[in-house]
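For reference, the chains in residue letters:
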Amino acid sequence: MAFYSQIAHNVLPPLMTTSSTLGRGAFELIKSITASSDSDITFADGSNGVTFDSTFKTYCFKFIDIHGSVNFRHLGFDIQVSGGSGFDEPKISSGYEANHSQTNNGTQFQAATAIDLIDSTNLQAIIYGIGNDADEAGAGELWLFLPSDTAKNMHFISQTVNHTDDDKIRHTFMGGYTNEPGAIDEIRFKMSEGNIDSGTIKMYGIR
Amino acid sequence: MATYNAIKYNVDYAGKAGSLVPISDTTISSGDSNVILTIDGTYDEHFIIFNAVHPSAANADFGANFRSTGSSGNFNVGKQTGFYRCTQEENGSGETFAYQSGKDVAGNSGSDFEIGSSLGNANHDGISGYMSIFNAGSTTFEKSFFIVADETHGGNIQIMSFVSGYVRTTDALTGIRFRMSSGNLDSGSIQLFGVHR
């Protein structure tokens, strides 16, 4: 059987032919929030047009030009299970960082021990040591895998880059999981101190 | 005979449907010995997501292998990989960041290459991550790939692994197989996407 798109445009339609996936980009923008001297940016299921449930298997957040009000502070996240409060779910994590100074007089390639967590409810920093000069910021992405699963640990992986307070490029990878049972349906981003002065956080879902 | 889906959803999106195209979504059932994904030259890049893949056996390694037009249907094409990782003990007894010389494959190995090591098989354990395979259909170059994965190790250790490599053939790749070094894949899902040219 010839498809319309084959006849009209000589292209085959996508192989996945279900109503929920065909014709979509697999990377679906759920919500984009631009900061304006905000103490935090929160994405909660059912609030402010956010879907954060089993509709999507995987979620990805993109951080664009995150600028904090206080020098040498870190953008991080806390998570919360459905029905929980206080964003106090414990996390365990590890990662590494690669740094290079603007003056070309030093590099580091090492474990990111300053921001890893050991079964801790603290903020999980993912962009470490952002400078707060007017042109300094950080960017990157965070993946959450199957947060709706109530039995398994929810794994996360982030990759970020930033201009540090002491004028270095810092590339950071962090990975980890939460041991808390229950479906995760809220995530809150904030600086380790002060406000998110500006920047955008975009939430995407993959079904 | 035209199907309902073909009639209703066979529409032209004029390239506005996005560049990450869902190809398949495999939900793993208890007893599945492997997951095989078909790849080819349709896309410049294949992107794969592992979601909470859980082994039936304790301390099994999660790995993969490739099939090509020249491998007679076998998943044993030669590979060269590098492997490094970060680890964190759940009990706070230590962390590491190092290359793992025992977990890479060298030369032209036809064996499965490792992605996750000694996974726990408690209910909450598993491995999640993503993988990119570039230009699988090339008949000129070897094929490059990289993986980032986070796992719960059987010894209650959080591990983030970085695996990269190239498949040492100029035959086009036709598939990739994921499996455990022992036992079955028990649950989770593996999704395959194509990145539009």
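Colleague: How would you explain the sheet that holds strand β12 (residues 196-206) of chain A if you had to name every residue and give the values?
Modeller: Residue and element names in this part refer to chain A. A sheet is described by the order of its strands in space; here 8 strands give the open sequence β1-β12-β3-β8-β9-β10-β5-β6, paired in antiparallel fashion. With partners counted over all chains shown, the strands left at the sheet margins are β1 (28-38) and β6 (107-111), one partner each. Within the sheet, the average angular offset between the axes of one strand and its neighbour, ignoring direction, is 10°. Where strand β3 (residues 58-68) meets strand β8 (residues 138-145), 7 bridges bridge the pair, whose relative direction is antiparallel. Its bridge partner being in β8, F63 is matched across the sheet by G140.

Colleague: Got a sec to walk through the packing of aromatic side chains? Specific residues and values, please.
Modeller: Residue and element names in this part refer to chain A. Tallied over the full model, the rule gives 33 aromatic pairs over all chains. Look at F63 and F189: their rings are 5.2 Å apart centre to centre, the planes differ by 70°, and that puts the pair in the edge-to-face class. Taken together, the residues F63 in strand β3 and F189 in strand β11 (residues 184-191) connect sequence positions 126 residues apart. Each member of the pair F63 and F189 is classed as buried. Between F77 and F156, the aromatic rings sit 5.1 Å apart at their centres with planes inclined by 85°, giving edge-to-face as the arrangement. Placement of the pair is F77 in strand β4 (residues 73-81) and F156 in strand β9 (residues 154-163), with a sequence separation of 79 residues. Taken as a pair, F77 and F156 share a single burial class, namely buried.

Colleague: I'd love a proper account of the pairing of β6 of chain A, names of residues and values included.
Modeller: Moving residue by residue along a regular strand, the side chains alternate between the two faces of the sheet. Residues and elements named next belong to chain A. Relative to β6, strand β5 (residues 91-101) runs antiparallel, the two sharing 5 bridges. Its bridge partner being in β6, N99 is matched across the sheet by Q108. The hairpin turn running from β5 into β6, its antiparallel successor, is 5 residues long, and N104 in that turn takes a positive phi close to 65°.

Colleague: Before we move on, can you summarise the nonpolar core with the specific residues and values?
Modeller: One finds F62, M131 and F178 of chain B to be the most contacted residues of the largest nonpolar core, which totals 36 residues. If you look at the next biggest cluster of nonpolar residues, it comprises 30 residues, including V50, F63, I79 and F189 of chain A.

Rules used in this analysis
Residues numbered from 1 in each chain as written. Chains lettered and ligands numbered in written order. Predicted model: local features only at pLDDT ≥ 70, side-chain atom pairs only at ≥ 80, totals over all residues. Heavy atoms only, no water. Pairing = 2+ DSSP bridges. Helix = DSSP H or I, 4+ residues; strand = E, 2+ residues; numbered from the N terminus. Axes fitted to C-alpha atoms, helices over the stretch in contact; angles between N-to-C directions. Phe/Tyr/Trp six-rings, centres within 6.5 Å; stacked < 30°, edge-to-face > 60°. Buried < 20%, exposed > 50% of the residue type's maximum accessible area, 1.4 Å probe, protein only. Core = buried A, V, L, I, M, F, W, Y, C linked by side-chain atoms within 4.5 Å.

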